[in-house]
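Residues per chain are reported as follows:
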Amino acid sequence: MDDKTRLIRAGAVPQTLAKTVGPPIQRGSTVLMPNAASLYDWDQVTYGRQGLAAQAALQDALAAMEHAVGVALYPSGLAALTGALLAVLKAGDHLMLVDTIYAPTRRFCDHVLKRFGVTVSYFDPHAPPETLVGKAPPATRLILMESPGSLTLEMQDMTRVAELARARGILTACDNTWGAGYLFKPLQHGIDLSIQALTKYVGGHSDVFMGSAAASDPALVRKLNDGILHLGWAVSPDDAYLMLRGLRTLPARLERQGANGLRIADWLGVQPEVAALYHPALPGAPDHDLWKRDFSGAASLFTFALQPGPQAAVNAFLDALELFGLGFSWGGFESLAISVDPQLTQRRVKRAYPGPLVRLHVGLEAPDDLIDDLRRALDAYRAAIG
Ligand SMILES: Cc1ncc(COP(=O)(O)O)c(C=O)c1O
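Residues numbered from 1 in each chain as written. Predicted model: local features only at pLDDT ≥ 70, side-chain atom pairs only at ≥ 80, totals over all residues. Heavy atoms only, no water.

Brief notes about the site of the ligand
Residues in contact with the ligand amount to 14 residues; listed here are only the nearest, G77, L78, D175, T199 and K200. Within the side chain of T199, an N or O atom sits 2.5 Å from an oxygen atom of the ligand. K200 has a polar side-chain atom sitting 2.8 Å from an oxygen atom of the ligand. Considered on its own, the ligand offers 390 Å² of accessible surface; in the complex 92% of this is hidden by protein. Among the elements that line the shell around the ligand, the one with the most residues is helix α3 (residues 77-88), at 3 residues. (Near = heavy atom within 4 Å. Polar contact = N/O pair within 3.5 Å; in protein donor to acceptor, adjacent residues only side chain to side chain. Areas by Shrake-Rupley, 256 points an atom, 1.4 Å probe, with all protein chains shown as cover. Helix = DSSP H or I, 4+ residues; strand = E, 2+ residues; numbered from the N terminus.)

Quick look at the structure:
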C-alpha cells in the first residue's frame, strides 16, 4: 500500500487496555462498529456524542452518589438546568421557581421558556409548602427550588414541597449545587430531579465546566436522555475525567472547607463591622432547623451583611482582600468574595438587609490566614465609612 493509505491505518488501537485507576480518556467522534448488523443497533454506542468510557464512568459514580437510576451530563451547570427544564416542559405548562434561583436560570425561563409557551411564576423562598403547592395553578408541571439559594442562602422545606407536589401530580426539581449531591441527596427526599453545577464542588479546581441532572424514575431518565439527544449536547472525555477526579476528593474537601467556612462565619459574627450572617449551618440562623434535618454537613459558601455603608466602601473592603480572589464562581479549593447587592434588583420578593451584602466562598487555605485578610478588609471598610 502507498504511504498515504498506510498512514491512515497505522498505529493499532489495542484490543485490551492496561488497567489504570481512572478510566481511559477515549477521544472519538467516530465509533467503529464491529460489523454491518451493529450499525443500526441502538442499544450500542454508535457515535461519540453519546459519551465513551470516561463519561460513562462519571455517570456511574454520580448515580452511586445521588442514588439515581440515571444521570445526564451537560456542558455546564446552566445547561443542566435549562436542559432538564426543556426535557420535561411543554407549551401550556406552568413552571414555579423560587425567587432566589440562580439568576441565569431565571433569565432562561423569562426569555426562552416564555417564548415557547411555558408560563412562569416566582415564589417566596420562605412560603409555607402548603400555601405554595396549594396555590399552584392547575397547569403547573414543575416546581424548581434552590436551597439554600446561592446568594442569600434562604432554604425551602424541599422534602415537604416534594411530598405535597407529588400528591397533586406536580414534578419537583432542585438546583443542588450547594449540597453537591453529597451533603444533600434530593432523590432520597422525594424530589424528582436533582440538578447541579458540577463546575463547583465536584470539579473542585475552578478549571472545568459541567452539569448533571439525576433521576430515580426510569421514565424521567429517558426524558432527560431524549432531551440531550434532541438538542445535541455532549461533554468531552477530558472534562469528564477531570470531574471524576474531583469527585474522588469531594467528601474530604467539603469536610475541610465546610469547617473552615463555619470558623470564619463564627469570627465574622463577633466583628463590630458585621451586621448579620446568612449561613444555614450556624445555630440560631433562620433556616438552621431545616438544614440540620436534611443536610449531612455544611458547604463553604455564605453571605454576611456589613454595617450600613455606600458601595464605594464595599469596594474598598473587597479591594483590600489579598487572599480572597474577586470572582463569581465557587466550589474550588481557593477562597473568593463578591458583593451581592447589584444582583438582587431582579427579585420579586424584596427583603430588607441591615447593610450591604458580601458573599464568601471559603477554600482550603488556613482559616487564620483568611481571618487576617478579612480583618484588613474590615479595617479598610471602617476607614471608608468614616
Ligand atoms: C447555584 C448555581 N447553579 C448553577 C450555576 C451554573 O453553573 P455553570 O457555571 O457551570 O453553568 C451556578 C454558577 O455559578 C450556580 O451558582
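Brief notes about helix α2 (residues 53-66)
Over its 14 residues, α2 extends 20 Å from the first C-alpha to the last, a length consistent with the 20 Å expected when each residue adds 1.5 Å. Those residues of α2 not exposed but buried are A54, Q55, L58, A61, L62, A63, M65 and E66. Tucked into the core, α2 has its buried residues touching β1 (70-74), β6 (193-197), β7 (211-215), α8 (237-248) and α9 (250-269). H67 sits one or two positions beyond α2 and adopts a positive phi of about 55°. (Expected span 1.5 Å × (residues − 1). Buried < 20%, exposed > 50% of the residue type's maximum accessible area, 1.4 Å probe, protein only. Contact = heavy atoms within 4.5 Å.)

So, the sheet that holds strand β11 (residues 336-339)
Strand order in the open sheet formed by 5 strands is β8-β9-β12-β11-β10, and the pairing between neighbours is mixed. Two strands bound the open sheet, and with one partner strand each, they are β8 (274-278) and β10 (325-326). Packing against the sheet, α9 makes contact with β8, β9 (301-306) and β12 (357-361), and its axis sits at approximately 10° to β9. With respect to the sheet, helix α11 (residues 311-320) is in contact with β9, β10, β11 and β12, its orientation differing from that of β11 by roughly 170°. (Pairing = 2+ DSSP bridges. Axes fitted to C-alpha atoms, helices over the stretch in contact; angles between N-to-C directions.)

So, the pattern of salt bridges
When the charged atoms of two side chains lie near each other, side chains of opposite charge can form a pair. One pass over the structure, following the stated rule, counts 19 salt bridges. K4 is the salt-bridge partner of D2, the closest N and O atoms lying 3.7 Å from each other. For D2, a relative accessible area of 42% translates into the label partly exposed. Judged by relative accessible area, K4 falls into the exposed class, the value being 67%. One salt bridge in this structure joins E130 and R160, with 2.9 Å as the shortest N-O distance. Residue E130 is located in helix α5 (residues 129-134), and its partner R160 is located in helix α6 (residues 158-167); the two are separated by 30 residues in the primary sequence. Connected through salt bridges with shared partners, the residues E273, R375, D379 and R382 form a single ionic network. (Salt bridge = Lys/Arg side-chain N within 4 Å of Asp/Glu carboxyl O.)

Digging into the domain arrangement of the protein chain
Domain parsing of the protein chain yields domain 1 (46-248) and domain 2 (250-385). The centre of domain 1, based on its C-alpha atoms, is set 26 Å off from the matching centre of domain 2. Listed by partner, the interface residues are 38 residues for domain 1 and 41 residues for domain 2. On the domain 1 side of the interface with domain 2, the three residues burying the most area are L151, W178 and Y201, jointly 23% of the side's total. Put simply, domain 1 and domain 2 have 2 salt bridges between them. Residue D157 is joined to R293 by a salt bridge in which the shortest nitrogen-to-oxygen separation is 2.6 Å. In this assembly, domain 1 and domain 2 are joined by 23 residue pairs in polar contact (both at pLDDT 80 or more). (Domains from an automatic or database assignment. Buried area = accessible area lost by both parts, 1.4 Å probe.)

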